[in-house]
Amino acid sequence: WRGREGAPYSTLVPSDEVTINYRHSLPVITLTLPTRSERCQFTVKPTVTTIGAFLQDVQREDKGIEKAEVFATDGSKVSDATLMEVLLMNDFKLVINNTAYGVSPPVKDKLSSERATEMEDIKSLVHRLFVALHLEDHQIRKERELLQKLDHLKEELLPLEQMKARITDSADAKTSRLLWVGLALMSTQGGALAWLTWWVYSWDIMEPVTYFITYGSAMAFYAYFVLTKQDYIYPDAKDRQFLHYFYRKSKKQHFNVERYNKLKEDLAEAEESLRRLRQPLHLRLPIQEINDKD
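Residues numbered from 1 in each chain as written. Predicted model: local features only at pLDDT ≥ 70, side-chain atom pairs only at ≥ 80, totals over all residues. Heavy atoms only, no water.

Per an unreviewed UniProt entry, the recorded name for the chain is Calcium uniporter protein, and the organism is Anhinga anhinga. Quoted verbatim from the Sequence similarities (unreviewed entry) field of UniProt, the annotation for the chain is "Belongs to the MCU (TC 1.A.77) family." Regarding the chain, the relevant UniProt record gives this comment under Function (unreviewed entry): "Mitochondrial inner membrane calcium uniporter that mediates calcium uptake into mitochondria. Mitochondrial calcium homeostasis plays key roles in cellular physiology and regulates cell bioenergetics, cytoplasmic calcium signals and activation of cell death pathways." (UniProt positions renumbered as here; feature names shortened; annotations may be inferred.)

**Observations concerning the pattern of salt bridges**
Summed over all chains, the structure comprises six salt bridges. Put simply, K77 and D80 hold a salt bridge, and the shortest N to O gap is 3.5 Å. On the basis of relative accessibility, which here comes to 38%, the residue D80 falls in the partly exposed class. Taking the shortest distance from any N to any O, the salt bridge between R259 and E156 comes out at 2.9 Å. Of this pair, R259 sits in helix α6 (residues 257-281) while E156 sits in helix α3 (residues 113-200); the two residues are 103 residues apart in sequence, bridging distant segments of the chain. Exposure remark for E156: the relative accessible area of 24% places this residue in the partly exposed category. (Salt bridge = Lys/Arg side-chain N within 4 Å of Asp/Glu carboxyl O. Buried < 20%, exposed > 50% of the residue type's maximum accessible area, 1.4 Å probe, protein only. Helix = DSSP H or I, 4+ residues; strand = E, 2+ residues; numbered from the N terminus.)

**Brief notes about the layout of surface pockets**
Its boundaries defined by the atoms lining it, the largest pocket holds a volume of some 640 Å³. Surrounding the largest pocket, 19 residues form its lining, L179, G182, M186, Y232 and Y234 being those nearest its centre. Taken together, the elements giving at least two residues each to the lining of the largest pocket come down to α3, α4 (203-228) and α5 (234-253). It is α3 that provides the largest number of residues to the lining of the largest pocket, a total of eight residues. (1 Å grid on protein atoms, 1.4 Å probe; cavity = no way out; pocket = protein on both sides within 12 Å on 5 of 7 lines; lining within 4 Å. Points joined across faces, edges and corners; volume = space filled by probe spheres on them.)

**Re the packing of aromatic side chains**
According to the stated counting rule, one finds six aromatic pairs in the structure shown. Ring geometry for F42 versus F54: centroids 6.0 Å apart, planes at 90 degrees, classification edge-to-face. Here F42, found in strand β4 (residues 38-43), pairs with F54, found in helix α1 (residues 51-61); they are twelve residues apart in sequence, far enough to count as distant. The exposure class assigned to F42 is buried, which follows from its relative accessible area of 8%. With 6.1 Å between their ring centres and 25 degrees between their planes, F242 and F246 make a pair best called stacked. Linking F242 with F246, this pair stays in helix α5, spanning four residues, or about one helical turn. A single burial state applies to F242 and to F246, both of which are buried. A connected cluster of aromatic rings, assembled from ring pairs, spans F242, F246, Y247, F255 and Y260. (Phe/Tyr/Trp six-rings, centres within 6.5 Å; stacked < 30°, edge-to-face > 60°.)

Below is the structure:
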């Protein structure tokens, strides 16, 4: 066995001088300190401890150790930044001063299915215990946050709601006036046709006129369908005209419809979250406090 420079080490100690055993699922490395000539155990956490940290622990334990390194079986040095978990997967050489120790880590037994199930049960129990101890505080804190969010959203919505109400009233009034104008025009048209039929001309003359008026109305309804992709149904036509007036008025009044809709959605979401938070456990409050809240 040779070092990095190719010079042989003075001593190659049998592998039983450095032993590795697992205790409570953690590897325990036992070796003889060269200066004190006594056996010493080092328990490492393989998933977080590096080779460099382990060697530093060994040197702190025995101040007479001037050099400590780890080599692979092929003679290449293992980086101090390597985790012990990786090192313990294969055989390696532990060099202390000029003495090389051959180390053969044992194969860690896998947990049995019963042991694994027991560990999962313990984790589940710890989780349920944590939830039982902290759920009420979490719910109360979450409720307070939601209430603050609701107050903030309502405060932002208040001026927008007032502006929307004014715009809605104006658009509704214009739509109603348009419907009454339409009724007045239809009444005027009916009266004019009756007057022309019975007092000015005869039905023989007015019949073609009424036919073309009817045909023109059908063309107008068809044109409405082509432009809007909707049938001319009076309630739908009224709603469409109302939205037309509403958006035109909103643009003039600088009313941000998208922001208003976003705030309304956030408000509804916050209210639903608060309802769901209170519904299952009522925050585990006493009956009197629950009744007072309701």
